[in-house]
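Here is how the chains run, residue by residue.
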Amino acid sequence: MNMNQMIVAPLSTAQSATVTPPAAQARIAIVGLGYVGLPLSLQFSRSGVNVLGLDIDSAKVEALNAGRSYIKHIESDAIKEQLKGGRFAASADFSRVREMQAVIICVPTPLNKNREPDISYILDTGRAIAPHLQKGTLVVLESTTYPGTTDEDLRAVLEKGSGLKAGDDFHLAFSPEREDPANPDSKVATIPKVVGGYTPACLELATKLYGQAIKTIVPVSSCRAAEATKLTENIFRSVNIALVNELKLVYSAMDIDVWEVIAAAKTKPFGFMAFYPGPGLGGHCIPIDPFYLTWKAREFGQHTKFIELAGEVNTAMPHYVVERVAEALNAHRKSINGSKILIVGLAYKPNVDDERESPSYELMNLLSKRGAAAAYHDPYVPVIKPTREHGHWAGTKSVPWDHATISSFDLILISTNHACVNYQELADWSRCIVDTRNAMATCQTKPGQVWKA
Ligand SMILES: NC(=O)c1ccc[n+]([C@@H]2O[C@H](COP(=O)([O-])OP(=O)(O)OC[C@H]3O[C@@H](n4cnc5c(N)ncnc54)[C@H](O)[C@@H]3O)[C@@H](O)[C@H]2O)c1
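All of the points below concern the structure found in this document. Everything numeric in this text was worked out from a predicted model, so none of it was measured. (Residues numbered from 1 in each chain as written. Predicted model: local features only at pLDDT ≥ 70, side-chain atom pairs only at ≥ 80, totals over all residues. Heavy atoms only, no water.)

1. Quick look at the overall build of the protein chain
Link 1 in the chain: Helix and strand counts for the protein chain come out as 14 helices and 13 strands.
Link 2 in the chain: Its C-alpha radius of gyration of 24 Å places the protein chain within 12% of the 22 Å reference for a compact globule of 453 residues.
Link 3 in the chain: Projected onto its principal axes, the C-alpha coordinates of the protein chain cover approximately 75 × 50 × 45 Å.
Link 4 in the chain: Per-residue burial for the protein chain yields a buried fraction of 53% across its 453 residues. (Helix = DSSP H or I, 4+ residues; strand = E, 2+ residues; numbered from the N terminus. Rg over C-alpha atoms; globule rule 2.2 N^0.38 Å. Buried < 20%, exposed > 50% of the residue type's maximum accessible area, 1.4 Å probe, protein only.)

Spelled out as structure tokens, the structure:
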């Protein structure tokens, strides 16, 4: 297959409205249809590339083929439009990799219970696609991971399962995802895409592939440089968040408001970038990815002191917040033990429905351990789904938002500041609020009512 064959001509939108495109039309597969893989699939499809989304979760495959989104910030209509255009379909049949010119892998990369990288999802995907890999196919990994995953670990399973050789028979590349869920300014098409290839030909092909759907491609010299780029971006965030979290404690002891300081500092037009404190790290990138590098660095006799320190500071945040809750209750002659405490915002960041790895869980755990009756309100998370880490909260429902319910709590703890929550009502209905996000800043509050944490 040559480079030009990789360029997939857009199909006319008047074409077939069937949900499963005929084999000859489907040209690239995207494996893992989650927060990263689904928007990427839709962007390729919108750009005229035929996309087959592959996932082991049959419920997701079914939902997509029925035009139903399972991610809050992705409209069902956006999926329906691509289904109708005949350029997108979902499947759990990995043998269809045979029909593809390229396969892009966007599967999870968590930490295991010893906080070590778990690349088993990548390797499982490699094993599933390898028997169907054809000569000339391009395989691109997008999952965040340590340098060496693509050209060592993934390459080994692909070569073993296919009997083909990377760089000679099939192409291999790494291109990190820069998805920022729910950020309206963050569009897959306009965020520059870093790409590293196993060989110069792999890089050229991958650059061509992404160039069809994404405006700016940033080629780097190797898969490892591309893998390191993604980790560097996330380590940068983790370290800077730790820094402002530390400053929050220092300034709070001096009776200085860290939020006011950051707002003033960011008026400097150069050399400063604003990061904000919070109740602890959340999401599946910042608390996790830096430790992929820590683990790999050990193999080279290197220590990642900044990463470890940032991890220490950030993981101490929920404990600090709980101490502030104790102080606030104490001022009302109450203790955590026996108090009713409402966490506002379960999702790990504002305006998303994703609560995996949210510090709100840690806060609910710590408060319950100290005898509080902890509940939560989150319009985006009506009920907690069963998960491995927080199984004991499964089935717990978001409490309703009304005066009687909210005022029945001894303390409200704002953990995530969704824009759709009415914070003035909170000020009107609640006696005691601990605010980790500066959400009450513009509300009319009473003296002693709001405790920043
Ligand atoms: N969510 C983000 O904001 C974000 C941003 C940048 C990078 N990333 C990285 O992108 C990767 C994917 O993250 P995500 O948030 O999209 O995860 P996700 O959990 O939302 O989606 C992953 C999907 O992969 C599927 N899957 C799991 N194992 C599979 C297998 N063996 N074969 C096929 N499908 C499989 C799951 O069913 C799920 O649909 C991770 O490495 C993550 O670190 C995520």
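2. Some thoughts on the site of the ligand
Link 1 in the chain: Around the ligand sit 27 residues, and of these V36, D55, K60, T109 and H284 come closest.
Link 2 in the chain: A distance of 2.8 Å separates an oxygen atom of the ligand from a polar atom in the side chain of K60.
Link 3 in the chain: A distance of 3.3 Å separates a nitrogen atom of the ligand from a polar atom in the side chain of T125.
Link 4 in the chain: For the ligand, the protein covers 92% of the area, taking 830 Å² as the surface of the free molecule.
Link 5 in the chain: The leading source of residues in the shell around the ligand is helix α5 (residues 120-129), at three residues.
Link 6 in the chain: A breakdown of the residues in the shell around the ligand according to their chemical character gives 12 nonpolar, seven polar and eight charged. (Near = heavy atom within 4 Å. Polar contact = N/O pair within 3.5 Å; in protein donor to acceptor, adjacent residues only side chain to side chain. Areas by Shrake-Rupley, 256 points an atom, 1.4 Å probe, with all protein chains shown as cover. Nonpolar A, V, L, I, M, F, W, Y, C, P; charged D, E, K, R; others polar.)

3. A short note on α5
One turn of the α-helix equals 3.6 residues, which is why residues spaced by three or four share an orientation.
Link 1 in the chain: Those residues of α5 that fall on the buried side of the exposure criterion are I122, L123, T125, G126 and I129. Along the long axis of α5, the arc covered by the buried residues comes to 160°, so they all point the same way.
Link 2 in the chain: Check the buried side of α5 and you find it contacts β1 (28-31), β4 (102-105), β5 (138-141) and α6 (149-162). (Arc of directions from axis to C-beta. Contact = heavy atoms within 4.5 Å.)

4. Here's the deal with the packing of aromatic side chains
Any pair of aromatic rings gets described here by the distance separating the centres and the angle formed by the planes.
Link 1 in the chain: Applying the stated rule across the entire model yields six aromatic pairs.
Link 2 in the chain: With a centroid separation of 5.6 Å and an interplanar angle of 70°, the aromatic rings of F236 and F275 are classed as edge-to-face. Taken as a pair, F236 in helix α8 (residues 223-253) and F275 in the loop between α9 (258-265) and α10 (290-299) lie far apart in primary sequence, 39 residues in all.
Link 3 in the chain: Ring pairs connect the aromatic residues Y146, Y292 and W295, which therefore count as one cluster. (Phe/Tyr/Trp six-rings, centres within 6.5 Å; stacked < 30°, edge-to-face > 60°.)

5. Details of the side chain of T150
Link 1 in the chain: Its place among the elements puts T150 in helix α6.
Link 2 in the chain: With relative accessibility at 0%, the residue T150 sits in the buried group.
Link 3 in the chain: Each residue touching T150, except ones within four places of it in the same chain, is listed here: L141, R155, L172, A173, F174, C223 and E227.

6. So, the nonpolar core
Link 1 in the chain: Membership of the largest hydrophobic core comes to 38 residues, with the highest contact counts inside it found for I129, V139, L154, L158 and F170.
Link 2 in the chain: In terms of residues, this core owes the most to one element, α8, which gives four residues.
Link 3 in the chain: Residues within four places of L154 in sequence aside, it is in contact with I105, I122, L123, G126, V139, L141, T149 and L172.
Link 4 in the chain: Formed by 34 residues, the second largest nonpolar core is a distinct cluster that contains V51, I79, L138 and Y210. (Core = buried A, V, L, I, M, F, W, Y, C linked by side-chain atoms within 4.5 Å.)

7. Brief notes about the sheet that holds β5
Link 1 in the chain: If you trace the eight strands from one edge of the open sheet to the other, you get β3-β2-β1-β4-β5-β6-β7-β8, paired in mixed fashion. Among the strands making up the open sheet, the edge pair consists of β3 (88-91) and β8 (217-220). Neighbour-to-neighbour, the strand axes of the sheet open up by a mean angle of 25°, direction not taken into account.
Link 2 in the chain: Bridge count for strand β7 (residues 193-197) against β8 is four bridges, and the pairing is parallel. What sits directly across from V194, in β8, is V218.
Link 3 in the chain: Along the sheet face, helix α2 (residues 37-46) touches β1, β2 (51-54), β3 and β4 and points at about 165° away from the line of β1.
Link 4 in the chain: Its contacts with the sheet place α5 against β1, β4 and β5, and it is angled at close to 160° to β4. (Pairing = 2+ DSSP bridges. Axes fitted to C-alpha atoms, helices over the stretch in contact; angles between N-to-C directions.)

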